[in-house]
Amino acid sequence: MQLSITLPPRPAASEFGTLLRTWRRRRRLSQLSLSGEANVSSRHLSFLESGHAAPSREMVLRLAECLGVPPDARNAWLVAAGFAPLYTRTPLEAARLAPVREALTRMMHANSPAPALLLDTHWNVIDANRTGTLLLGGDWHPGVSLIDRLVDHPALRAPILNWPDVAAVMMSRLRSEYLKDRNDPRLDALADRLYEHAADPLSLDPTEAILTLRYQSPVGELSLFTTIAELSSAQDLTLRELRLEIFFPADAESKARLEQLAGPQD
């Protein structure tokens, strides 16, 4: 007589388990390595990924911290595990964000006559100082995509004398952000938009101290370098996504031409 044993079906991986496994692999960690960092058994971690076990809220946040998952993705983890999201997204115009908004505005205008642009994660322009608006063209409006404008309007990118090199650096930044933290397909799509315009990043001269943007202005060529400022202590998702790109003249001639270009200050 032959006995047959019916085993219970193996549960499908939960949405949380899929997210956990995806991020662990992106960080190139084994289950054993992650379990050691999170102070949890590798068996339990395996059960979480496979859907055999459900995580506590504390466990979700602990694993997210160990994997360096950004706050917006941590919200998705919490929701997938059946918990309320933790981080809020406040409109930039809200009264509670006024002190930060005012500080960013002061920084932009303090950088004049050099350009400054306030951008979000997807390179949409939120604000700009006087010379920053000159780089954007006369018909720009808040929320316009800087990358779309440069790609779609040859007249706007024509003054950038080393546009292929600049496009290569922009593309590399987008790829880096996509791979490191966000896994945001919009970042990948923006990088793709720059691909046909960009020089090979390996062709850039590594002996140069910094890549400068060479811009043909109405008063002569400008040589500018940029720095990106972020709100490193921001908890709100809106503030975490802000990027203040501040341009600086790379030589005395560019500084003088920027002052001429900006004109009289109010």
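Residues numbered from 1 in each chain as written. Predicted model: local features only at pLDDT ≥ 70, side-chain atom pairs only at ≥ 80, totals over all residues. Heavy atoms only, no water.

K.L.:
I'd like a rundown of the side chain of R243, residues and numbers included.
P.N.:
Relative to the helices and strands, R243 is located in strand β5 (residues 243–249). Separated by 3.3 Å, the side chains of R243 and E230 make a polar contact. Looking at R243, its side chain comes within polar contact range of the main-chain oxygen of R240, at 2.8 Å. Filtering out sequence-adjacent residues up to four positions away, R243 remains in contact with L117, L118, L119, D120, T121, I228, A229 and E230. (Helix = DSSP H or I, 4+ residues; strand = E, 2+ residues; numbered from the N terminus. Polar contact = N/O pair within 3.5 Å; in protein donor to acceptor, adjacent residues only side chain to side chain. Contact = heavy atoms within 4.5 Å.)

K.L.:
Any details on the sheet that holds strand β1 (residues 116–119)? Residues and values, ideally.
P.N.:
Spatial strand order, β2-β1-β5-β4-β3: 5 strands in an open sheet with antiparallel pairing. Strand pairing shows two members of the sheet lacking a second neighbour, β2 (125–128) and β3 (213–217), which therefore form its edges. Going across the sheet, the axis of each strand differs from the next one's by a mean of 30 degrees, ignoring polarity. (Pairing = 2+ DSSP bridges. Axes fitted to C-alpha atoms, helices over the stretch in contact; angles between N-to-C directions.)

K.L.:
Could you give an account of the confidence of the model for the protein chain, with specific residues and numbers?
P.N.:
Mean pLDDT for the protein chain: 90, with 93% of residues reaching 70 or above. Mean pLDDT across the elements of the protein chain ranges from a minimum in helix α10 (residues 163–182), with 87, to a maximum in β1, with 97. Overall, residues 3–12 carries pLDDT values under 50, and its contacts beyond four positions in sequence, including any with other chains, amount to 7 contacts. (pLDDT = per-residue confidence, 0-100.)

K.L.:
Residues and numbers for the nonpolar core, please.
P.N.:
If you look at the biggest cluster of nonpolar residues, it comprises 34 residues, and the most contacted ones within it are L146, I147, M170, L174 and L194. Those elements giving two or more residues to this core turn out to be β1, β2, α7 (130–136), α8 (146–152), α10, α11 (185–195), β3 and β4 (220–229). No other element matches the 7 residues that α10 contributes to this core. F16, V40, V60 and A80 belong to the second largest nonpolar core, which has 19 residues in total. (Core = buried A, V, L, I, M, F, W, Y, C linked by side-chain atoms within 4.5 Å. Buried < 20%, exposed > 50% of the residue type's maximum accessible area, 1.4 Å probe, protein only.)

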